[in-house]
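Each chain is listed here by its residues.
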Amino acid sequence: GENVEQHPSTLSVQEGDSAVIKCTYSDSASNYFPWYKQELGKGPQLIIDIRSNVGEKKDQRIAVTLNKTAKHFSLHITETQPEDSAVYFCAASNYGGSQGNLIFGKGTKLSVKP
Amino acid sequence: DAMVIQNPRYQVTQFGKPVTLSCSQTLNHNVMYWYQQKSSQAPKLLFHYYDKDFNNEADTPDNFQSRRPNTSFCFLDIRSPGLGDAAMYLCATSRVPPNLYFGAGTRLSVL
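Because the structure is a prediction, the values reported are computed rather than measured. (Residues numbered from 1 in each chain as written. Chains lettered and ligands numbered in written order. Predicted model: local features only at pLDDT ≥ 70, side-chain atom pairs only at ≥ 80, totals over all residues. Heavy atoms only, no water.)

Chemist: Looking at this structure, how should I read the overall build of chain A?
Modeler: A tally of regular secondary structure across chain A gives 0 helices and 11 strands. Helices and strands in chain A line up, N terminus first, as β-β-β-β-β-β-β-β-β-β-β. Expected size for 114 residues packed as a compact globule is a radius of gyration near 13 Å; at 14 Å, chain A falls within 12% of this value. Within chain A, the proportion of its 114 residues that are buried is 43%. (Helix = DSSP H or I, 4+ residues; strand = E, 2+ residues; numbered from the N terminus. Rg over C-alpha atoms; globule rule 2.2 N^0.38 Å. Buried < 20%, exposed > 50% of the residue type's maximum accessible area, 1.4 Å probe, protein only.)

Chemist: Help me out: how do you make sense of the interface of chain A and chain B in this one?
Modeler: Listed per partner, the contact involves 19 residues of chain A and 20 residues of chain B. Counting the surface lost from both chain A and chain B, the interface buries some 1400 Å², and carbon and sulfur atoms represent 55% of this. The largest contributions to the chain A side of the interface with chain B come from Tyr95, Asn101 and Phe104 of chain A, which together make up 33% of the buried area. Inspection of the region where chain A meets chain B yields 4 residue pairs in polar contact (both at pLDDT 80 or more). Of all the secondary-structure elements, those providing two or more residues to the side of chain A that touches chain B are β4 (32-38) and β5 (45-51) of chain A. A class-by-class count of the residues in the side of chain A that touches chain B yields 7 nonpolar, 8 polar and 4 charged. (Contact = heavy atoms within 4.5 Å. Buried area = accessible area lost by both parts, 1.4 Å probe. Polar contact = N/O pair within 3.5 Å; in protein donor to acceptor, adjacent residues only side chain to side chain. Nonpolar A, V, L, I, M, F, W, Y, C, P; charged D, E, K, R; others polar.)

Chemist: Please clarify how the environment of Phe104 of chain A should be interpreted in this entry.
Modeler: Tracing the sequence through the fold places Phe104 of chain A in strand β10 (residues 103-104). In this structure Phe104 of chain A comes out as buried when scored by relative accessible area, which is 7%. When sequence neighbours within four positions are dropped, the list of residues in contact with Phe104 of chain A reads Val4, Tyr36, Phe89, Cys90 and Ala91 of chain A together with Tyr35, Ala42, Pro43 and Phe102 of chain B.

Chemist: Explain the packing of aromatic side chains here, please?
Modeler: Each aromatic ring pair is described using two quantities: the centre-to-centre distance and the angle formed by the ring planes. This model, assessed by the stated rule, comprises 15 aromatic pairs over all chains. Ring centres of Tyr25 of chain A and Phe73 of chain A lie 6.0 Å apart, and the angle between their planes is 55 degrees; this geometry places the pair in the tilted category. Pair noted here: Tyr25 of chain A is in strand β3 (residues 19-25) and Phe73 of chain A is in strand β8 (residues 72-77), with a separation of 48 residues, a long-range link. Summarising the aromatic geometry, the rings of Tyr49 of chain B and Phe54 of chain B are spaced 5.1 Å apart at their centres and angled 55 degrees between planes, so their arrangement reads as tilted. For Tyr49 of chain B, a relative accessible area of 9% puts it in the buried group. Taking the relative accessible area as the measure of exposure, Phe54 of chain B reaches 35% and is therefore partly exposed. Following the ring pairs from residue to residue traces out a cluster consisting of Tyr36, Phe89 and Phe104 of chain A together with Tyr33, Tyr35 and Phe102 of chain B. (Phe/Tyr/Trp six-rings, centres within 6.5 Å; stacked < 30°, edge-to-face > 60°.)

Chemist: I would appreciate a short explanation of the side chain of Asn63 of chain B in the present structure.
Modeler: All names here are of chain B. The residue Asn63 is located in the loop between β6 (53-56) and β7 (64-67) in this model. A relative accessible area of 17% means that Asn63 is categorised as buried. Leaving out residues up to four positions away in the same chain, Asn63 has contacts with Asp77, Ile78, Arg79, Ser80, Pro81 and Asp85.

Chemist: What is the right way to read the pairing of strand β8 (residues 73-78) of chain B from this model?
Modeler: All names here are of chain B. Within β8, 5 of the 6 residues are buried, which leaves it mostly tucked inside the rest of the structure. Sheet topology places strand β3 (residues 19-25) next to β8; 6 bridges connect them, and they run antiparallel. Directly across from Cys23, in β8, lies its bridge partner Cys74. By the bridge criterion, 4 bridges tie β7 to β8 in an arrangement that is antiparallel. (Pairing = 2+ DSSP bridges.)

Chemist: Would you take a moment to explain the pairing of strand β11 (residues 108-113) of chain A for this structure?
Modeler: Looking along a regular strand, one sees side chains alternate from face to face of the sheet. Residue and element names in this part refer to chain A. Of the two faces of β11, only the one carrying Thr108, Leu110 and Val112 is buried; Lys109, Ser111 and Lys113 on the other face are not. Sheet topology places strand β2 (residues 10-14) next to β11; 5 bridges connect them, and they run parallel. Bridge pairing in β11 links Gln14 to Lys113. Here 3 bridges tie strand β9 (residues 86-92) to β11, and the two strands are oriented antiparallel to one another. Its bridge partner lying in β11, Val87 is registered against Lys109.

In short, shape yes, function no, at least from these values alone.
Written as structure tokens, this is what we have:
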């Protein structure tokens, strides 16, 4: 089955700097890769996603890149702000295939220092 | 406006005493999921309903059961909670998998 590895487990940056979180997946049939942000005491919220027919997607300060050959994808946050502090989860899914449910990485705790 | 609502937010139960967690949704999504999330870990899928069709994950203990009486509501029943079942339980919904909308979760403590 699918296995998703996420690094780093913790990340601390200064306000205004960029943050990068990386994930690798094992199942080459995976075709959908969302990123979730979980703030303290809340459920995860989808912030951006990418499908396997696209190499990069951007939404304001957030971007995601996908390298299908290497089976890895990354989240990039530019101009970080204190409100970006949260736990971020990557996930992978073979949507439409035998493993349509999301498999999550273990999460990255991002701290943005003012 | 909360679209996936979980009650209660915090639940304390005694070892071995049955407990039920509830989830409701206003999105009219046909798929509802229950995840278990332990501290500093990724959410782990327990089971999900695709309409009325129940799908259990292979490694979900028999101690965990679920009911979905209608589109809007889904319940998680833990028949005999153990100390290892203390966790955050997350309900999620989707219209077209795998885009998930999560509730705020119920934090379960077992004494």
